[in-house]
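Residue strings, one per chain:
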Amino acid sequence: MKKLNDRKEFVKALDLFDKLKHQTILTDRILLQAFKACTQLGYLERGQIIHKNLSDSLLNNSYIQTSLINFYMQCGRVNDAQRVFDSSVKKTPVHYGSMMKGLIKNKRAEKAIELFSRINNPGEIHLCLLFNSCAHVHTKQALDFGKKVWSEMSSIHHKNEFVLNSAFDMFVKCGDLENAENIFANNKRVVISFGQMMKCYNEHSMPMKTIDLYEKMKDEDVEANSIIFLLLIDACGQLGIESRCRSIVNQIPSTMLNDFKLQNALIHMWGKVGCVNEAEKVFKRIDQPDHVTYTAMINSYGLNGMGHAAIELYHQMPSEMIVGKTCTCILNACSHAGLVDEARAIFSTIQMKDKWIYTAMIDCLSRSFLFDEAKQLIEKYESDQPPYLPMHMSLLSGARNRNDISLARQTVQRMRELFHNADKFLVSASILFTNTLASTGELEEASQIRWNMTQSGAKKQIGLSWTEYNGEIVQFHVQDRSHPRTSELYDELNRLEKELIEHGHKFDARWITRPLMPDATVQSVLNSHSERLALAYNFIQRPVPSRIQIVKNLRICGDCHGAIKLISKIRRCEIIVRDANRIHHFADGKCSCDDHF
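Computed from a prediction, not measured in an experiment: that's the story for all the values here. (Residues numbered from 1 in each chain as written. Predicted model: local features only at pLDDT ≥ 70, side-chain atom pairs only at ≥ 80, totals over all residues. Heavy atoms only, no water.)

Asks: Sorry, what's going on with helix α29 (residues 423-439) here?
Replies: Within an α-helix, residues lying three or four positions from one another point in the same direction, as the helix has 3.6 residues per turn. The end-to-end C-alpha separation of α29 is 24 Å, in line with the 24 Å expected for 17 residues at 1.5 Å each. Buried residues dominate α29, accounting for 13 of its 17 residues. Where α29 ends, the next residue or the one after it, Gly441, has phi of about 90°, a positive value. (Helix = DSSP H or I, 4+ residues; strand = E, 2+ residues; numbered from the N terminus. Expected span 1.5 Å × (residues − 1). Buried < 20%, exposed > 50% of the residue type's maximum accessible area, 1.4 Å probe, protein only.)

This is the structure in structure tokens:
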């Protein structure tokens, strides 16, 4: 039977068992092989019959018990496995290991963590299973328990390769960067561990660390595979700097460039860095594009304000390939281009509308200040579905753009009633509301809300902008004076201020959201926004680049948008700014978004 099982001839092994059970006394060795065959074949009833006919002595055999646990867990019968486990008087480490492994397999990893705490002197396998369980649960409580066990482990286990790999996987999946980096730095690194660390960095929006890690891979002669390049493409898309994208793409082996997943990822990346022509080149090289390919290209058009191109491709797409994500992307493309009628027409043809599709349509209406229609759509959705916070955020964002305090107040109040447990999103809503108040001169109320948020421990995301010149990426925050060339930067900002005034720009105080300090002016505050600093940094370089690329983690303000449009004409250069929502292509005093931002 063992030989048959080893050759994966499980049916023949059971046929032999049927012959043996009438001719000889069944030993635990024979039964173990029978249960193994049943487990591999998923023969639940057959295994249950064998179990039912076991003698008391065999039922108390620890090898039989662990085999039964494995069998029932493999068949998804967790309660039956638990009964076998509970019936065991003398539980061995194998009992605990089998139970933990089965619980993880049946998506009950939290129970495996509980079971681990009952093991005296856990061994290598138990530790690996525990860390695996924590990685599956990936809650703060699971991570804290895993960290406690990690810190109390013996030095022998800390040197065990399997335990280390399991702990590393736990820290990566639970987002504990410090411990993940420590294990990664102090142990043998292979392509898999490099990939895990890169994935962790990408998930924490740290794309430069992923790219730096690739340089270490090359230094250590670790050959990158397609998964590594997918992670690098994702990192480049996050970073948003074209030159870094080209550098990485040039290093992808030509044999991999036909990989379907890589091609789709490249379309997405090029779209996110404002290089639509490059995205189109990849798209056209694909003989049989699937729904992911079409959707990525439609999204690339949408991000870059090319709404009509997105609609044209959407209508060329085979109808059977259109999925929910495609519909969301095409509606977003319409939203970013102000194509409300086109969005309405597409929305009306969508049979299965999910919350993301509704949100995209509501966003489109709100950007065009069609608030009554947007509210009606929210009411229609909520008539038979639970409320969805991003729909209300889209409405609030539209109210901010229109400086409609009444609507903004109503929307925020409604959000607080419906989503009182969504702290993170309510902080964002409160910030948007305070900005609306401040833009209309209600500074006292705005300051009071900010004070309340500070007292509650709420944190506002810091606005950052980054750019690259001659291979160096530099990052700025508002009123930043940390750069070695700060005096030159602010001299350049003063020159830009004068040029803007000479060409008729009116600095818009509505985009100042805090009371002015005694030594500040409207011009000095707006002129020191992070994107303006990044722009000035490019202008103090020699030679001055004719094409400037800036990435901002928040939405560009209205005054910066208007100023950069004019600067592109004054300085005769192309300026590309990617903000949190879309990509703006400024040239000759115009923007690709046509002021729909």
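Structure shown, so let's carry the discussion forward.
Asks: Any chance you could explain the packing of helix α10 (residues 124-137) against helix α13 (residues 161-173) here in plain terms?
Replies: To describe two helices that pack against each other, one gives the angle between their axes and the distance between the axes. Between α10 and α13, whose axes approach to 8 Å, the crossing angle comes to 10°. The orientation of α10 with respect to α13, classified from their angle, is roughly parallel. Taken as a pair, α10 and α13 cross one another with a handedness that is left-handed. Touching Glu124, Leu127, Cys128, Phe131, Cys134 and Ala135 of α10 are Phe162, Val163, Ser166, Ala167, Asp169, Met170 and Lys173, all from α13. Across the contact of α10 with α13, the residue classes break down as 9 nonpolar, 1 polar and 3 charged. (Axes fitted to C-alpha atoms, helices over the stretch in contact; angles between N-to-C directions. Parallel < 35°, antiparallel > 145°, perpendicular 65-115°, else oblique. Left-handed = near helix turned anticlockwise from the far one by under 90°. Contact = heavy atoms within 4.5 Å. Nonpolar A, V, L, I, M, F, W, Y, C, P; charged D, E, K, R; others polar.)

Asks: Explanation requested: helix α26 (residues 371-382) in the structure shown.
Replies: For α26, which comprises 12 residues, the first-to-last C-alpha distance of 16 Å matches the rise-based estimate of 16 Å (1.5 Å per residue) to within 8%. On its buried face, α26 sits against α24 (340-349), α25 (355-367), α27 (389-402) and α28 (405-418).

Asks: What is the right way to read the sheet that holds strand β5 (residues 583-587) from this model?
Replies: Sheets are built from strands paired through backbone hydrogen bonds, the pairs being either parallel or antiparallel. Taken in spatial order, the 6 strands of this open sheet run β2-β1-β3-β4-β5-β6, and their pairing is mixed. Of all strands in the sheet, those bounded by a partner on one side alone are β2 (472-477) and β6 (590-591). (Pairing = 2+ DSSP bridges.)

Asks: I'm lost on the packing of aromatic side chains in this one. Help?
Replies: We describe a pair of aromatic rings using the distance from one ring centre to the other and the angle between the two ring planes. Under the criterion given, the structure shown has 13 aromatic pairs. With 5.6 Å between their ring centres and 70° between their planes, Phe283 and Tyr294 make a pair best called edge-to-face. Of the two residues, Phe283 sits in helix α20 (residues 276-285) while Tyr294 sits in helix α21 (residues 291-303), which places them 11 residues apart along the sequence. By relative accessible area, Tyr294 is classed as buried at 11%. Measuring from centroid to centroid gives 5.5 Å for Phe347 and Tyr358, while their planes differ by 85°, and the two rings are edge-to-face. Taken together, the residues Phe347 in helix α24 and Tyr358 in helix α25 connect sequence positions 11 residues apart. For Tyr358, a relative accessible area of 9% puts it in the buried group. Feature note: the residues Phe131, Trp150 and Phe171 constitute an aromatic cluster, connected by ring pairs. The positively charged end of Lys91 is found above the aromatic ring belonging to Phe85, 5.0 Å away from the centroid. A cation sits over an aromatic face here: Lys353 above Phe347, 4.9 Å from the ring centre. (Phe/Tyr/Trp six-rings, centres within 6.5 Å; stacked < 30°, edge-to-face > 60°. Lys NZ or Arg CZ within 6 Å of the ring centre and 35° of its normal.)

Asks: Whenever I open this one, unusual backbone geometry confuses me. Can you help?
Replies: Working note: non-glycine residues mostly have negative phi, and peptide bonds are mostly trans. Omega for the peptide link from Arg542 to Pro543 comes to 0°, which places this bond in the cis form. Looking at the element boundaries, Pro543 is found in the loop between α33 (530-539) and β3 (547-552). One non-glycine residue, Ser205, lies in the positive phi region at around 55°. Secondary-structure assignment places Ser205 in the loop between α15 (191-203) and α16 (207-219). You can call Ser205 exposed: its relative accessible area is 56%. One non-glycine residue, Gln479, lies in the positive phi region at around 55°. Mapped onto the fold, Gln479 is located in the loop between β2 and α31 (486-502).

Asks: Explain the pairing of β5 to me, please; I cannot follow it from the model alone.
Replies: The two faces of a sheet get side chains in turn, since along a regular strand they alternate between them. The buried count for β5 comes to 4 of 5 residues, which makes it a mostly enclosed element. Inspection of the sheet shows β5 paired to β6 by 2 bridges, in the antiparallel sense. Bridging across to β6, Phe586 finds its partner in Cys591. A loop of 2 residues connects β5 with β6, the two strands running antiparallel in sequence, and Asp588 in this loop sits at a positive phi of about 55°.

Asks: Can you walk me through the side chain of Thr328 in this structure?
Replies: Its place among the elements puts Thr328 in helix α23 (residues 324-337). The contact partners of Thr328, leaving out residues within four places of it in the chain, are Trp356, Ile357 and Ala360.

Asks: Could you clarify how one ought to interpret the nonpolar core in this entry?
Replies: Most often, soluble globular proteins have nonpolar side chains that are buried together. Membership of the largest hydrophobic core comes to 160 residues, with the highest contact counts inside it found for Phe131, Met197, Tyr214, Trp270, Ile330 and Leu331. Here Trp270 is in contact with Glu242, Cys245, Arg246, Val249, Cys275, Val276, Glu278, Ala279 and Val282, once residues within four sequence places are set aside. Formed by 36 residues, the second largest nonpolar core is a distinct cluster that contains Leu500, Tyr537, Ile540 and Phe597. (Core = buried A, V, L, I, M, F, W, Y, C linked by side-chain atoms within 4.5 Å.)

Asks: Where do I start with the environment of His126 in this structure?
Replies: As for its position among the elements, His126 is in helix α10. A sequence separation of 32 residues divides His126 from Val94, and the C-alpha atoms of the two residues are 9.2 Å apart. For His126, the contacting residues outside a window of four places in its chain are Pro93, Tyr96, Gly97, Met100, Phe116 and Ile119. In this structure the side chain of His126 is engaged in a polar contact, spanning 2.8 Å, whose partner is the backbone oxygen of Pro93. A polar contact is formed between the side chain of His126 and the backbone nitrogen of Gly123, at a distance of 3.1 Å. (Polar contact = N/O pair within 3.5 Å; in protein donor to acceptor, adjacent residues only side chain to side chain.)

None of this, on its own, says anything about what the molecule does.
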